[in-house]
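Working through the structure, step by step
Listed below, chain by chain, are the residues.
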Amino acid sequence: MAFWSRAISVVLDTLSPPTCAACDAPTTAIFCETCGALTSAPSNQSLDDVPLLVAGSYAPPLSTAIARFKYGGRPELSRPLARLLEPALHDLRLTPGAALVPVPLHARRLATRGYNQAALLAQELSDRAGLACLPRLLVRARETEQQVGKARSERLTNARGAFQLRKSGPKRVVLVDDVVTTGSTVRACAQALAAGGVELALVVALAQAVPS
């Protein structure tokens, strides 16, 4: 399955001229020279002793690309954006027996958007790292308000108890999301996983944002 998925990605990349993930300008890089380089995020981070790996800070051009990917109906951007997480692949391979689990969307929001951006990223990383991807292991049991613009305490309250383990899973998982801010969503997912006896071994995200 992973072989064919990667083969299809290669064909699509060959047929489609490479463009900037932030502005669609022709370029062989993820971002063109006009949009600029990635803003690095602090390294060696963790959330409640769980390692956190991010590609960069939530700033242009990465924030622009994520907004297009997430809200602009551009699911194909999962391929170039997943390339930003290539350095994380080594760490993913160091988690034997672990599976990739995306942060789930509520069914209503999934129907509106048409796809879960975290699930697309998780599948790309699964293909590249050779790890299983379990997009339905976690379910968002209740619809939450958008976290954007909320204070830390509001984010924690909003996410608390929002996730449930749908079925028994592997002993260890790698959680995948697009943006991490206060970590409230990650912590809520970790609580749901722990309730089912599943260990959160690693968190991987495209960007880290500064709480408002």
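Preceding this paragraph is the structure being described.
If you're wondering where the values come from, they're calculated on a predicted model, not measured in any experiment.

Let's shift gears to the sheet that holds strand E6 (residues 172-180). Hydrogen bonds between backbone groups are what pair the strands of a sheet, and the pairing can be parallel or antiparallel. As summarised here, the arrangement of the five strands in space is E1-E2-E7-E6-E3, forming an open sheet in which the pairing is mixed. Sheet topology places strand E1 (45-47) and strand E3 (99-102) at the edges, where each strand pairs with a single neighbour. Along the sheet, successive strands turn relative to each other by an average axial angle of 30°, direction set aside. The pairing of E1 with strand E2 (residues 50-57) spans three bridges and is classified as antiparallel. Residue pairing for E2: Leu47 is matched across the bridge by Val50. Sheet contacts for helix H2 (residues 62-71): E2, E6 and strand E7 (199-208); angle to E7, the most-contacted strand, approximately 105°. The strands that helix H4 (residues 86-93) touches are E2, E3, E6 and E7; relative to E7, the one it contacts most, it runs at about 180°.

Within E2, six of the eight residues are buried, which leaves the element mostly enclosed by the surrounding structure. Turn length for the E1-E2 hairpin, with the two strands adjacent in sequence and antiparallel, is two residues, and the turn residue Asp48 shows positive phi of about 50°. Pairing geometry for E2 and E7, over five bridges, is parallel. Within E7, the residue paired with Leu53 across the bridge is Val204.

One pair of aromatic rings is described through two measures. These are the centre distance and the angle between the planes. Following the criterion strictly, the structure yields one aromatic pair and no others. Between Phe69 and Tyr115, the ring centres sit 6.4 Å apart and the planes meet at 25°, which makes this aromatic pair stacked. One end of the pair, Phe69, is in helix H2; the other, Tyr115, is in the loop between helix H5 (107-113) and helix H6 (117-129), and 46 residues separate them in sequence. A residue is classified by how much of its surface remains accessible, and Phe69, at 0% relative accessible area, is buried. Accessibility expressed as a relative area gives 10% for Tyr115, which makes it buried.

Another aspect to go through is the pattern of salt bridges. In this structure the tally under the stated criterion is eight salt bridges. Between Asp24 and Arg74 there is a salt bridge, with the nearest N and O atoms lying 3.1 Å from each other. Taken together, the positions of Asp24 in the loop between helix H1 (2-15) and E1 and Arg74 in the loop between H2 and helix H3 (78-83) put the pair 50 residues apart, joining distant regions of the chain. Asp24 sits in the partly exposed class, given a relative accessible area of 32%. Through salt bridges that share partners, Asp24, Arg68, Arg74 and Glu76 make up one connected network.

Where H4 contacts H6, the axes come no closer than 10 Å and their chain directions differ by 65°. Judged by the angle between their axes, H4 and H6 are roughly perpendicular. Along this stretch, H4 crosses H6, giving a crossing that reads as right-handed. Of the residues in H6, those in contact with Glu86, Leu89, Leu92 and Arg93 of H4 are Leu125, Arg128 and Ala129. Looking at the contact of H4 with H6 residue by residue, the classes come out as four nonpolar, no polar and three charged.

Here we come to the side chain of Arg68. Inspection of the secondary structure puts Arg68 in helix H2. When its relative accessible area of 17% is taken as the criterion, Arg68 is described as buried. In terms of polar contacts, Arg68 uses its side chain to reach the side chain of Asp24, at 2.6 Å. If near-sequence neighbours (up to four positions away) are discounted, Arg68 is found in contact with Cys20, Ala21, Ala22, Cys23, Asp24, Gly73, Arg74 and Leu77.

Criteria and cut-off values
Residues numbered from 1 in each chain as written. Predicted model: local features only at pLDDT ≥ 70, side-chain atom pairs only at ≥ 80, totals over all residues. Heavy atoms only, no water. Pairing = 2+ DSSP bridges. Helix = DSSP H or I, 4+ residues; strand = E, 2+ residues; numbered from the N terminus. Axes fitted to C-alpha atoms, helices over the stretch in contact; angles between N-to-C directions. Contact = heavy atoms within 4.5 Å. Buried < 20%, exposed > 50% of the residue type's maximum accessible area, 1.4 Å probe, protein only. Phe/Tyr/Trp six-rings, centres within 6.5 Å; stacked < 30°, edge-to-face > 60°. Salt bridge = Lys/Arg side-chain N within 4 Å of Asp/Glu carboxyl O. Parallel < 35°, antiparallel > 145°, perpendicular 65-115°, else oblique. Left-handed = near helix turned anticlockwise from the far one by under 90°. Nonpolar A, V, L, I, M, F, W, Y, C, P; charged D, E, K, R; others polar. Polar contact = N/O pair within 3.5 Å; in protein donor to acceptor, adjacent residues only side chain to side chain.

These figures come from the coordinates and say nothing about function on their own.
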